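# Summary of structural features
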Amino acid sequence: MSENAFLTVTDLRAGYGGARVLHGVSLTVGQGEICAILGPNGAGKTTLLRALSGMVRVRGDVRLDGADLAGRSPDTLARQGVAHVPEGRGTFMPLTVEENLRLGAFVRRGRGAVNDDLERVYTYFPVLKTRLTQVAGSLSGGEQQMLAIGRALMLRPRLLLLDEPSLGLAPMVTQELFRIVRAVNEEERTTVVVVEQNAHLALSVAQQAHVLESGRIVLSGSAEQIRADEQVAQSYLGYR
Ligand code: ATP
């Protein structure tokens, strides 16, 4: 339990049609923290992020800085500063890099501010500035993931949800991505929830972590505590 809880999730239940996937998830994330969600395939990690960004129906309580967000639409949640970078990135392949980034600011007004934010995104991802007129589909996997995160940053998120950012990327690219996520978190005080199969990497940037199994949180703690757990070490870190 974080002392300065920014995101508070209580007894969250969600699923698809009649199939329940999350069976009462409770967790808190402090303001400006990075929280990692670990767990086996099919545990419900993606569903948890979808529940937090309004993409699946939920029961239970979700609060961001005290505001009740449970059951709100993705659009409303985006306006509240919840940005979701889905697994597979969700970039618009036929659109250019700049068009994708500008779409990220769809809920915001004010051209000047949007232009300032584009510059801000380029400071984190300089490569995007060199690719502005290219269509997203022509980018490498790593660049597409950078574009997806850059697009999310255009929302000026208070809560950034990242689903498997390392998927399909080379280790060097993944490390660079996580370095940038850490920089964004530190410089903008953006709270981050990251679902990541690379538990080593996730625990190296996160302050706290939760292990989700079969739609329930079975272990929570600081990144150090989770790393030191025998079961986690065996199942997710590949040693002991
Ligand atoms: P993975 O690491 O494999 O992505 P995950 O922990 O993210 O796993 P989810 O993708 O949330 O798990 O899936 C949890 C369960 O929900 C699985 O049994 C999956 O088959 C089911 N599920 C996921 N998406 C849908 C959907 N759109 N419709 C119906 N069932 C779904």
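Preceding block: the structure.
Residues numbered from 1 in each chain as written. Predicted model: local features only at pLDDT ≥ 70, side-chain atom pairs only at ≥ 80, totals over all residues. Heavy atoms only, no water.

## Thoughts on the site of the ligand
Near the ligand lie 13 residues; those nearest to it are Gly42, Gly44, Lys45, Thr46 and Thr47. Take Asn41: an N or O atom from its side chain is 3.3 Å from an oxygen atom of the ligand. At 3.5 Å, a side-chain N or O of Arg50 approaches a nitrogen atom of the ligand. Burial of the ligand by the protein chains amounts to 57% of its free accessible area of 630 Å². Looking at side-chain class alone, the shell around the ligand contains four nonpolar, five polar and four charged residues. (Near = heavy atom within 4 Å. Polar contact = N/O pair within 3.5 Å; in protein donor to acceptor, adjacent residues only side chain to side chain. Areas by Shrake-Rupley, 256 points an atom, 1.4 Å probe, with all protein chains shown as cover. Nonpolar A, V, L, I, M, F, W, Y, C, P; charged D, E, K, R; others polar.)

## Notes on empty space enclosed by the protein
Over the atoms, a rolled probe matching the size of one water molecule traces out where space is still vacant. This structure, assessed with the given rule, holds one cavity of 30 Å³ or more. The computed volume of the largest cavity comes to approximately 30 Å³. Leu7, Leu52, Val62, Leu64, Leu69, Val82 and Leu159 are the residues that line the largest cavity. Grouping the constituent residues of the lining of the largest cavity by class yields seven nonpolar, no polar and no charged. (1 Å grid on protein atoms, 1.4 Å probe; cavity = no way out; pocket = protein on both sides within 12 Å on 5 of 7 lines; lining within 4 Å. Points joined across faces, edges and corners; volume = space filled by probe spheres on them.)

## Let's talk about the packing of helix H6 (residues 141-153) against helix H7 (residues 171-188)
Relative orientation of the contacting elements H6 and H7 amounts to 15 degrees, with a least axis distance of 10 Å. Taken together, H6 and H7 sit at an angle that is classed as roughly parallel. The interaxial crossing formed by H6 with H7 has right-handed handedness. Packed against H6, whose contacting residues are Gly142, Gln145, Met146, Ile149 and Leu153, the element H7 presents Val173, Glu176, Leu177, Val181 and Val184 at the interface. Its residues assigned to classes, the contact of H6 with H7 comprises seven nonpolar, two polar and one charged. (Axes fitted to C-alpha atoms, helices over the stretch in contact; angles between N-to-C directions. Helix = DSSP H or I, 4+ residues; strand = E, 2+ residues; numbered from the N terminus. Parallel < 35°, antiparallel > 145°, perpendicular 65-115°, else oblique. Left-handed = near helix turned anticlockwise from the far one by under 90°. Contact = heavy atoms within 4.5 Å.)

## Quick word on the side chain of His210
Within the fold, His210 resides in strand E9 (residues 208-213). Within the structure, His210 has its side chain in polar contact with the side chain of Gln208 (distance 3.1 Å). A polar atom in the side chain of His210 sits 2.7 Å from the side chain of Ser220. With near-sequence residues (within four places) excluded, His210 lies in contact with Leu27, Thr28, Cys35, Ala36, Ile37, Leu38, Ile217, Leu219 and Ser220.

## Thoughts on the sheet that holds strand E3 (residues 34-38)
Here six strands make up an open sheet; going across it, the order is E6-E7-E8-E3-E9-E10 and the pairing mixed. Lying at the two open borders of the sheet, with one neighbouring strand each, are strand E6 (82-85) and strand E10 (216-222). Taken pair by pair, the neighbouring strands of this sheet meet at an average axis angle of 15 degrees, ignoring direction. Looking at chain direction, E6 and strand E7 (residues 159-163) are connected through four bridges and run parallel. Bridging across to E7, Ala83 finds its partner in Leu160. Sheet contacts for H6: E6 and E7; angle to E6, the most-contacted strand, approximately 170 degrees. Here H7 sits on the sheet in contact with E3, E7 and strand E8 (191-195), set at roughly 155 degrees to E8. (Pairing = 2+ DSSP bridges.)

## Considerations on the pattern of salt bridges
With the rule as written, the count across this model stands at twelve salt bridges. Asp61 is the salt-bridge partner of Arg63, the closest N and O atoms lying 2.9 Å from each other. Arg63 gets classed as partly exposed once you look at its relative accessible area, which sits at 31%. Close ionic contact of Glu176 with Arg179 constitutes a salt bridge, the shortest N to O distance being 2.9 Å. Of this pair, Glu176 and Arg179 both sit in helix H7, three residues apart, which is roughly one turn of the helix. (Salt bridge = Lys/Arg side-chain N within 4 Å of Asp/Glu carboxyl O. Buried < 20%, exposed > 50% of the residue type's maximum accessible area, 1.4 Å probe, protein only.)

## Some points on the environment of Leu203
Among the secondary structure elements, Leu203 is positioned in helix H8 (residues 199-205). Spatially, the C-alpha atoms of Leu203 and Ala233 are 12 Å apart, while their sequence positions differ by 30 residues. Discounting chain neighbours no more than four positions away, the residues touching Leu203 are Leu38, Ala209, Ala223, Ile226, Arg227 and Leu237.

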